[in-house]
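Summary of structural features
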There are 2 protein chains.
Amino acid sequence: MNYLKKVVIAIFCLNFSILQAQEHPNIMLSKAGIEEVREGCNKYPLLQKSFAQVKADADKALGTKISIPVPNDGGGGPSHEQHKRNYQAVLACGISYQITGEIKYADYVKDMLLGYASQYEKWPLKHPKSKTSNQSGRIFWQILNDCVWQVNVIQGYDLVYNAINSRDRKIIETRLFTPVVKFITETSKETFNRIHNHGTWAVAAVGLTGYVMNKREYVEMALKGSDKSGKSGYLAQLDHLFSPDGYYTEGPYYQRYALLPFMIFAKAINQYEPQTGIYTYRNNILEKAINTSLQSSYTNGAFFPVNDAIKDKTIESGELVYGVDLAYAEMGGGADLLDIAQRQGRVIVSDAGLKVARDVAEGKAMPFNYKSLLITDGPAGNEGGLGVLRSGSNKDQQCLVFKAASQGMGHGHFDRLNILYYDNGSEVFLDYGAARFINIESKNDGEYLPENKTWAKQTVAHNTIVVDKTSAFKASAERAQQYHPELICFKGEGDIQAVSGREENAWPGVSLVRTSALVHIPGMSKALLVDVFNAESDKVHQYDLPFWYSGYITDTSFPVRQYTKELKPAGDKYGYQHLWLNSNDSVASGSGYITVMNNRRFYTTHFAGTSPVNVKLASIGANDPSLNLFNGKAFILSQAGTAYQTFLSVTESHGKIDPVAETTTGAKSIVSALRIIRSDREQTNISFDVEGKTYRVVINYKDKNNFIQLIK
Amino acid sequence: MNYLKKVVIAIFCLNFSILQAQEHPNIMLSKAGIEEVREGCNKYPLLQKSFAQVKADADKALGTKISIPVPNDGGGGPSHEQHKRNYQAVLACGISYQITGEIKYADYVKDMLLGYASQYEKWPLKHPKSKTSNQSGRIFWQILNDCVWQVNVIQGYDLVYNAINSRDRKIIETRLFTPVVKFITETSKETFNRIHNHGTWAVAAVGLTGYVMNKREYVEMALKGSDKSGKSGYLAQLDHLFSPDGYYTEGPYYQRYALLPFMIFAKAINQYEPQTGIYTYRNNILEKAINTSLQSSYTNGAFFPVNDAIKDKTIESGELVYGVDLAYAEMGGGADLLDIAQRQGRVIVSDAGLKVARDVAEGKAMPFNYKSLLITDGPAGNEGGLGVLRSGSNKDQQCLVFKAASQGMGHGHFDRLNILYYDNGSEVFLDYGAARFINIESKNDGEYLPENKTWAKQTVAHNTIVVDKTSAFKASAERAQQYHPELICFKGEGDIQAVSGREENAWPGVSLVRTSALVHIPGMSKALLVDVFNAESDKVHQYDLPFWYSGYITDTSFPVRQYTKELKPAGDKYGYQHLWLNSNDSVASGSGYITVMNNRRFYTTHFAGTSPVNVKLASIGANDPSLNLFNGKAFILSQAGTAYQTFLSVTESHGKIDPVAETTTGAKSIVSALRIIRSDREQTNISFDVEGKTYRVVINYKDKNNFIQLIK
């Protein structure tokens, strides 16, 4: 434990019983700042627009009869959606009350909360749609949503606190918030004390309630766990859920989600107990988490969909509006955060949002500074990580993501050494993400589908090697959680940017080393993606390396013969049962290329192997009786039986298709003569030609200082 | 022949030998207008930007060595693309010369043309990549491209005419343009005299050359065919290629393409012989053709892809920039054309473009007035047509296209009574378009693929009934060309917009009547698509009605059991051989629904049949060894054996998915209890409920005045 951390914890201890004098509001909006925010709502376009939306939501709520249905649906169902609308309305009306001063908004919140207070205790401790009793909510099918509900509602209550008489406040506090906290901290104790994003929502709900209700007991439990030992609770979560680089082990999709309660609770702690310096806790871990979250996205805004992830999710999501506004306004974040705020098109109607909106209005925004960077994983930063290589402007960026992170708990995929590749605003080699139709009730109540386990998590669903048609760790999350890949090298600058990782545990007796690089060849406008994957074993194995591509194959160096009369699944387990095998062609020469047309550009992947390869084409959809899977296509480099195999590929981004003018340029790759000169434990040495000139790339596995070189 | 037409032809006859005094330039840019256009290039943003682009292209050309390769490639190949760049450069430099007055641009054109003049006659009359000798070009693989080349190059020549000395002009005219015209009018006589879009490019090339070179002979052949009889040539094309509504029988994709030479040549005729009133020929057929072209598009700009069509093509394409500018500036087109000009983001650097840019700059643009309208087909307007129904604002428009047009010559599909349906900026029920990777040389030299015949043209590739798994007219274009469907009714206004058509000839002994309607139910924000398809015969047939959808099925009223272990083609010919059959479920109740999630919205299609139906799911890809087909999915309503069958469907557009906020509303359809009360030759009478209230739709096939009614 470092010194700063000790000091911070000491300060928290000293302050156990010394809460600030109670003021309302005092979370995102503060009594001190309210006048300025009111003025800003008429002055700065982003804030103006954001408040107009909040007020429109509030007015819409006011125009509808209050409805508090008995909870009975899964995600996306009518009662689920109604309770969600209710907490949104409470918060919107709370803000609208503070900005306009109109009592009708406060009255709505009061009536809503009294309504809940009159019913909440009647609802059973186990929701009818809950599958387990320890994760059940009372308002929603899972406790998580109840906590989210409380995080929102308690803020709304804080905002109208002074407009509710003390008798009604007492009813609300004793018959709603107190039993809610009891439910969270006792009935749902397991969730409350989990070091997990559900736990963060739970502690934020309880902690915020403690501050607003002036209940030190709640705050203390929130910070240090229900037994106040510090083994769980908010501070333990800050210690364990993020790596020193601010990476959240479940991956960017959940990082974004997890950030919101971290941020809101941090803001409340900072409001009530600024002396604790929560923003600087663990070397500014919160600010790092926000930056890492933003850096875990492509220029189109989408988060890298590693592990369970809904792929539409972008940095424009509401959680990151909180993150960006607070990081900029209160944590010293840079002016490039204003670029993100502009893309989000809104700010929180709050003290922080005011600063962001004002500075955007004053033209201070700079383009967001996407970086090549290594994001370490694990509480100590030594459990692998995510390597991100970028090249080109924000308008046409190549981006390679190399996943050598640890398993990522329950939402982790068996995707050791997986790569994702982006260019031209689009996915080139992609990750399926999660098998889930979120909030679509007809699809398993909006929950994860069985195919999330049978398909999306399996190794073959990723752009990484599968050994013997078996997933890493035989798809055992428990085993996978015990090991993490090793990062061999990361180089984020220069003519050759590279990241390299090793995985020794996923398949017994098989050592995997992958090195992926963006290589700049003089005279070429785009970098080449050079990917070297070595698999080594004492025994003979089948090695499959899929590339999940978007677009259409327009050219191959070898004849592809798709099956015409019958399709069969590519296997019977580990995800292969969900693939239709479309073709299986041996590439006699041992090397070749495949050209894919995607978003008006071409991608030619030249490949070679140390032993000859077959190229298999596969498409998603087998063993999917209930239409739970999305479409997807892969070409798979496959070696059916060898002990040592290197798969080399060089992918060139080239050409331009203008479908409106119907012109095509640069449809042919200018790379040729790909060759593996040497590949073993010590070194991989490859060469290729570009317009007649030969280039070599040499990787020295044992020399970290001189790991990879381009020889011109 | 109507009176006006007679007069116009008379005027052409009178003027045979009286050309205007030769002035240069005198096509898109005129000597009289040039000063104003020069000023406008510094004044009006659209013109400024457009000229900047032209000048950038010209400067780029000037920076590159002139290259005139020996023709040897198919579409997309290097020599093909070089010759294309050359004609573009000639035109760009010609314009740049006129606007800037800088002689370097004129010199470039002169050098380029002298270069061609020194080589053209050496090239063989049959291009090495040409498949037929009568359609071969000399510069390109097909004569069409040679004509396009000449249309561009002759304009460039006109623009720099005065800057070339008479000796060089003589070389260019005698050794390039004269042999080009000879090649087009003699070697390629068949194309030149075709009533077909290739013919239009040919006559425009020759006619423009005639005006610029002051060769009346050429103009005369261009207007009236190589024998000057008037049976072919430009005027005959204007008479026969467009319906009285300005519809071009090959369909919108080719209409756009065909329009360009029509427009440019019309403009030249009007410049040189304004007294002919070419713009008013055949009741303003040219202006109608432009309007019909624009009305044959959805709000996303894409043309309705009926018949052979590349689906990316939009109203932003260059051809329509000419069309829109001329229609607005010279043919009295409305201010809503300026909306299109704004979306095109450019104008022709020309007298017409000046007016458009000026009026856009002056804020005169109005939103484009998309209409519900019937576009008749056939030279006399009595060969069926395209019914277009629209509802909603340009931002969120529902649009139904009903194809009861005639076959459309060689590019026609066997798609009698096909429908296309759009909503929310997206395709809902779609047409495959053409099987072609245009300009992708590795895909059959960029030409139509064999699958265009075996798949894209076949009936099952469309949203219309297939009888006995056989395409209309057994896929004989010759037979299909002899018949057209009958339009029974078109109603483009009111609570119930509808179009109805009958096809009696596609399958012997089977009469098909389809009626599709957009029906507004009080209280619903979007119209319902009601579709009634009757098939009648003395004999028992299999009737299949596919709906090609985009998106993912999220719900069905009946259990769908996709095949899990094996896929087989759905048939062995007429396109079925290209479909994998994914499931085949009988719907015991005879009616049901399918919900599709597409672009953040849901589409629930309720269906019912007079006899029970099976629902088959199918996906494109079988019998595609060379990867020539795009993906696509359909649900097919199928009745295996009956004489009379009605397929009724009601498709509701509902709900909203916000993937960033992860919220879903209105995921359930509010339509229920769909029922066919009566369906026969006289009447179809159906009912359905919306939120408890029953509505009926009654179609009276024999009562055109009271054809369809909504009974509330």
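Attention here is on the structure that accompanies the text. (Residues numbered from 1 in each chain as written. Chains lettered and ligands numbered in written order. Predicted model: local features only at pLDDT ≥ 70, side-chain atom pairs only at ≥ 80, totals over all residues. Heavy atoms only, no water.)

**Looking at the relation of the copies chain B and chain A**
- Superposition record for chain B on chain A: RMSD 0.1 Å, screw rotation 180°, translation along axis 0.1 Å. Here the copies are linked by what is in effect a two-fold axis. No C-alpha of chain B approaches the rotation axis more nearly than that of B:Leu567, which lies at 2.5 Å.
- Mapped onto chain A, 100% of the interface residues of chain B again fall at the interface, so both copies present the same surface. (Least-squares fit on C-alpha atoms with pLDDT ≥ 70 in both. Contact = heavy atoms within 4.5 Å.)

**Thoughts on the pairing of strand S22 (residues 671-679) of chain B**
Residue and element names in this part refer to chain B.
- Taken together, the six bridges between S22 and strand S23 (residues 683-690) define a ladder with antiparallel strand orientation. Bridging from a neighbouring strand, serine 672 pairs with aspartate 689 of S23.
- The loop that links S22 with its antiparallel partner S23 comprises three residues. (Pairing = 2+ DSSP bridges. Helix = DSSP H or I, 4+ residues; strand = E, 2+ residues; numbered from the N terminus.)

**What about the interface of chain B and chain A?**
- At the junction of the two partners, chain B supplies 52 residues and chain A supplies 52 residues.
- Interface of chain B and chain A: buried area, both sides summed, is about 4500 Å²; carbon and sulfur atoms make up 53% of it.
- Considering only the side of chain B, the residues that lose the most area to chain A are B:Leu627, B:Val660 and B:Glu662, jointly responsible for 15% of the buried surface there.
- Inspection of the chain B/chain A interface yields two salt bridges.
- Measuring nitrogen to oxygen at the nearest pair gives 3.1 Å for the salt bridge that ties B:Glu566 to A:Lys568.
- In this structure, the connection of chain B to chain A is made through 17 residue pairs in polar contact (both at pLDDT 80 or more).
- For the side of chain B that touches chain A, the secondary structure elements donating two or more residues are helix H4 (78-100), helix H12 (252-272), strand S12 (552-556), strand S13 (568-569) and strand S21 (663-665) of chain B.
- With four residues, S12(B) is the largest single contributor of residues to the side of chain B that touches chain A.
- Class assignment of the residues belonging to the side of chain B that touches chain A gives a composition of 24 nonpolar, 11 polar and 17 charged. (Buried area = accessible area lost by both parts, 1.4 Å probe. Salt bridge = Lys/Arg side-chain N within 4 Å of Asp/Glu carboxyl O. Polar contact = N/O pair within 3.5 Å; in protein donor to acceptor, adjacent residues only side chain to side chain. Nonpolar A, V, L, I, M, F, W, Y, C, P; charged D, E, K, R; others polar.)

**Focus: the side chain of B:Asn700**
All names here are of chain B.
- Among the structural elements, asparagine 700 can be located in strand S24 (residues 693-700).
- Judged by its relative accessible area of 16%, asparagine 700 falls in the buried class.
- Residues in contact with asparagine 700, not counting those within four places in the same chain, are Glu682, Gln683, Asn706, Phe707 and Gln709. (Buried < 20%, exposed > 50% of the residue type's maximum accessible area, 1.4 Å probe, protein only.)

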